[in-house]
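Examination of the molecular architecture
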Amino acid sequence: MLNRVVTVRFVKIFGVPQLNYSYARLDYSVDNQNPYMNVQSERKSLTDSCMTLVDVVLMRAKYQPDKLVYRFLKDGESHEHTMTFRQLDQRSKSIASELQRRTSPGERVLLLVPAGLDFISSFFGTLYAGNISIPVPPPHFARIERTLNATLRVIKDANPSVVIVDSKLHSIIKHNPEIVRKFEGIHFVIVGDDIDDSSNLWERPNVSGEDLALLQYTSGSTYTPKGVMLSHNNLLSNLEAIERSMDLTEKNESVFWLPPFHDMGLIGGILQPLYSGFTVTLIPHLLFLQRPIRWLQAISKYKALTTGAPNSAYELCLKKVKPEQRDELDLSSLEIAINGAEPINVSTLNRFKKYFSSAGFRETAFIPCYGLAEATLMVAADSKLSSSGTARIGRRGLERNEVEFSSINEKDLQTLVSCGRCIDKHEIKIVNPESCQNCSENEIGEIWLKGPSVAKGYWNNVTESEYAFKGYINGTDEGPFLRTGDLGFKADGELYVTGRMKSLIIIDGKNFYPHDIERVVQNSHFAVQPLGCAAFSIEDEGREQIIILAEIRRNSNFNMNDLTTAIRNSISGEFGLSVADIRTVPLGFIPRTTSGKIKYHECKKKYLTN
């Protein structure tokens, strides 16, 4: 039997008493006669007054109580669940009141709640209680014992005192004694719709901007989880920078499908609309992957001004949206289409613009960005209402970490997309990762970052934190900087990202980027699944050897020898490289993060263990 279980219940019709907040830390000098006042005109006082995300919710609930903030399409298309600022405030307080009975401020709370309004309420309920929120993907019901391992690793690292779940997952857990034992000593709180309101029992905790709000566990390629420690100040700083960079106002309308367990999905899709005061329509990410047109249909239906996704999502739309489906869309409202979270392909940008131009997609809508969880989210962004900047540099120079803007051989040139300029109040340096000295103007190095959005470090990991968050320029007192692990250069003040240090393939002293090789493989043979390959290297007798994993389309009728020959010839012709081994694998075999990034560490492990 599972002990220490609490169910939080909400009534479906929200009869909320008159809200009458008077907090010394907040200065709400506004006209109460107009609850829909343009809060954006008070942008400076908002960011100056609100010390935590809880302050932001309270302010919105007081002055815009009935404004819709979240619209969740449960079926990805028309089944709407909605939430106003007032409802968010009430639900958050109800959950917080239960948490406050079982925790003290600063304790960790694990969120094992599917994407949707219950997740959002649980996240803010955790902050309302003064706790630290840990959002992670809930385990797959059909394969719970296997998929629970990642969750258990986070539990071991973060030691949460409470886990928030929905009734379905709780029922599965409590009927499995072996799983119950793995949650020994942890309280369970169940969230759902059918329920009593206990918001009046909430007590405001003593939380400041320096206190931790979130442990964002990175979903990268390594096996050991790392919890990025984000304070309220980190979050508010980045949200302010995004608002200014994108010129967001409360009149905005947004559509997002990225899951809330991903930094771009949580901060860009959930926290930014709250901070800037606009409405966002959310789509379950698995339903987007099943039918990518659902994303574009929602943009068309709700006249969205902004959206965002990784490059692969735009590529998926190009491959899956048929001309007759495209012709029913109206994308003319879209002013900002953020492209970030993974390498940006100029070909994808150009082909998407061309293909969807007849549906009203604007030439200037794409906003390439660069960011990472360790910096909360956004680090650099291309300017709004301008065509994406590019740089054509020599591939041979890239292999030597040099930026060459001209080449006698036109085929040697590679086009890179600018990620724009660094956000306000932050500083980017390009640094040689070995000497820790500033790179010269035409030299590729590691991207280092300093500013208020940079996290406090990794939870319970002093060694990794000291290395990643305490970078100093050698021979100076400049620092501390965040060492991002990403490679790039700056030209005319704009940032160009070339790849990731850990996934870099080095052959005979030359650098090769996996995503470049993967693009060539994808186009080499019709049987290779779109976006379905991974390139990495292993060491064999002291030499790096290239390995290719290629997922195969369903019902593909192909000759294996023709396939492998096509892949080898394409890589040899493009890069002058030989491939040690090519493995064809079924769809879904290549391990990925929730945002679609390849987990190269796990690919290598799968390959080496056969």
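Note that the coordinates shown come from a computational prediction; the quantities given were computed from them, not determined experimentally.

Turning our attention to the overall build of the chain. For the chain, the count of helices and strands is 19 helices and 27 strands. Residue burial in the chain is summarised as follows: out of 610 residues, 58% are buried. Taking the contacts inside the chain whose residues are at least 6 apart along the sequence as the reference set, 74% of them involve residues at least 24 apart. Counting only carbon and sulfur atoms, one obtains 46% of the accessible surface of the chain, whose full area is about 25,800 Å².

Let us now look at the sheet that holds strand β20 (residues 445-450). Spatial ordering of the open sheet is given by β19-β20-β21-β22, a layout of 4 strands whose pairing is antiparallel. With one partner strand each, in any of the chains shown, β19 (427-431) and β22 (494-500) form the two edges of the open sheet. Averaged over all adjacent pairs, the angle separating strand axes in this sheet is 50°, with direction ignored. Of the pairings in the sheet, the one linking β20 to strand β21 (residues 482-491) comprises 4 bridges and is antiparallel in character. Residue W448 lies in a different strand from β21, and its bridge partner there is R483.

What follows is about empty space enclosed by the protein. Summed over all chains, the structure comprises 3 cavities of 30 Å³ or more. There is about 100 Å³ of room inside the largest cavity. For the largest cavity, the lining is made up of 15 residues, of which A115, L258, P260, I270 and L282 are closest to its centre.

A separate point is the packing of helix α4 (residues 117-128) against helix α9 (residues 263-276). Interhelical geometry of α4 versus α9 gives an angle of 70° and a closest axis separation of 13 Å. Taken together, α4 and α9 sit at an angle that is classed as roughly perpendicular. Between α4, through F119, I120, F123 and F124, and α9, the contact on the second element is made entirely by L266, I270, L271 and L274. Among the residues making up the contact of α4 with α9, the classes are represented as 8 nonpolar, no polar and no charged.

Inspection of the secondary structure puts S231 in strand β9 (residues 227-231). Assessed through its relative accessible area of 2%, S231 is described here as buried. In contact with S231, not counting residues within four places along its chain, are G209, E210, D211, L212, A213 and K456.

With that out of the way, let us pick up the nonpolar core. Among the nonpolar cores identified, the biggest contains 115 residues, and Y70, F124, I164, M246, W295 and F356 are the most heavily contacted of them. If we ignore the near neighbours within four places in the chain, the residues touching Y70 are H81, T82, M83, L88, L117, I120, F124, I270, L274, V280 and L282. In this structure, I132, A158, I186 and L215 belong to the second largest nonpolar core, which totals 26 residues.

Our next topic: helix α8 (residues 232-246). Here α8 contains 15 residues, and its C-alpha end-to-end distance of 21 Å stays within 8% of the 21 Å for a straight helix at 1.5 Å per residue. When α8 is considered as a whole, its buried residues turn out to be H232, N234, L235, L236, S237, N238, L239, E240, A241, I242, E243 and M246. After α8 finishes, the residue D247 shows a positive phi value of roughly 55°.

The next thing to look at is the environment of A309. Looking at the secondary structure, you find A309 in strand β12 (residues 306-309). Of the residues examined, A309 reaches a relative accessible area of 0% and is grouped as buried. Taking the C-alpha atoms as reference points, A309 and G265, 44 residues apart in sequence, are found 8.7 Å from one another. Residues within four places of A309 in sequence aside, it is in contact with W257, L258, M264, W295, Y314, I338, N339 and G340.

Here we come to the packing of helix α17 (residues 514-522) against helix α18 (residues 560-575). It is at 9 Å that the axes of α17 and α18 come closest, and there the two elements cross at 135°. It follows that α17 is oblique to α18 by the angle criterion. Of the two elements, α17 crosses α18, and the hand of that crossing is right-handed. Only I567, S570, I571, E574 and F575 of α18 make contact with α17, whose side of the interface consists of D516, I517, V520 and V521. Grouping the constituent residues of the contact of α17 with α18 by class yields 6 nonpolar, 1 polar and 2 charged.

This part is about the packing of aromatic side chains. Overall, the coordinates contain 21 aromatic pairs when judged by the stated rule. Counting every residue linked through ring pairs, the aromatic cluster contains W257, F288, W295, Y314, F352, Y355, F356, F361 and F366. If you follow R326 out to its NZ or CZ, it ends over the ring of Y355, 4.4 Å from the centre. Taking the ring centre of F589 as reference, the NZ or CZ of K606 above it sits at 4.1 Å.

It is worth spelling out the pairing of β22 at this point. For β22, a buried count of 5 out of 7 residues is recorded, marking the element as mostly surrounded by other parts of the structure. As judged from the 6 bridges shared by β21 and β22, these two strands associate in the antiparallel manner. Opposite L487, over in β22, you have G499 as the bridge partner. Counting the residues in the hairpin turn of β21 and β22 gives 2 residues, including D492, whose phi is positive at 55°.

Conventions and cut-offs
Note on numbering: residues in each chain are counted from 1, in written sequence order. Per-residue local features are limited, in this predicted model, to residues with pLDDT of at least 70; the limit for side-chain atom pairs, both in listing and counting, is 80 or more; totals at the level of whole chains, interfaces and linings are taken over all residues. With hydrogens and water set aside, each side-chain value is computed from the structure's full complement of heavy atoms. What counts as a helix is a DSSP run of H or I of at least four residues, what counts as a strand is a run of E of at least two, and both are numbered from the N terminus. Note on classification: 1.4 Å probe, protein chains only; a residue is buried when its accessible area is under 20% of the maximum for its type, exposed when over 50%, partly exposed between these limits. Contacts are assigned to residue pairs with any non-hydrogen atoms lying within 4.5 Å of each other. Using a 1.4 Å probe, the Shrake-Rupley method yields the accessible areas, and only the shown protein chains count as cover for residues. Strands qualify as paired when DSSP identifies two bridges or more between them. The convention used is that axes are lines fitted to C-alpha atoms, helices contributing only their stretch in contact, and that angles between N-to-C directions extend from 0 to 180 degrees. The rule is simple: put a 1 Å grid over the protein atoms alone, call a set of points where a 1.4 Å probe fits but cannot get out a cavity, call an open set with protein on both sides within 12 Å along at least five of seven lines a pocket, and count a residue as lining if it has an atom within 4 Å of a point. Grid points are joined across faces, edges and corners, and a volume is the space filled by probe spheres set on the points. Our angle categories are set so that under 35 degrees counts as roughly parallel, over 145 as roughly antiparallel, 65 to 115 as roughly perpendicular, and the remainder as oblique. When residues are sorted by character, Ala, Val, Leu, Ile, Met, Phe, Trp, Tyr, Cys and Pro go into the nonpolar class, Asp, Glu, Lys and Arg into the charged class, and all the rest, Gly among them, into the polar class. We define a nonpolar core as any set of buried Ala, Val, Leu, Ile, Met, Phe, Trp, Tyr and Cys residues linked to one another through side-chain atoms lying within 4.5 Å. By definition here, a helix of n residues has an expected span of 1.5 Å times n minus one. Two helices that cross are described as forming a left-handed crossing if the nearer one is turned anticlockwise from the farther one by less than a right angle, and a right-handed crossing if clockwise. Pairing of aromatic rings covers Phe, Tyr and the six-membered ring of Trp, with a centre-to-centre limit of 6.5 Å; geometry is then stacked below 30 degrees between planes, edge-to-face above 60, and tilted otherwise. Note on geometry: a ring has a charge over it if NZ (lysine) or CZ (arginine) is within 6 Å of the ring centre and within 35 degrees of the ring normal.

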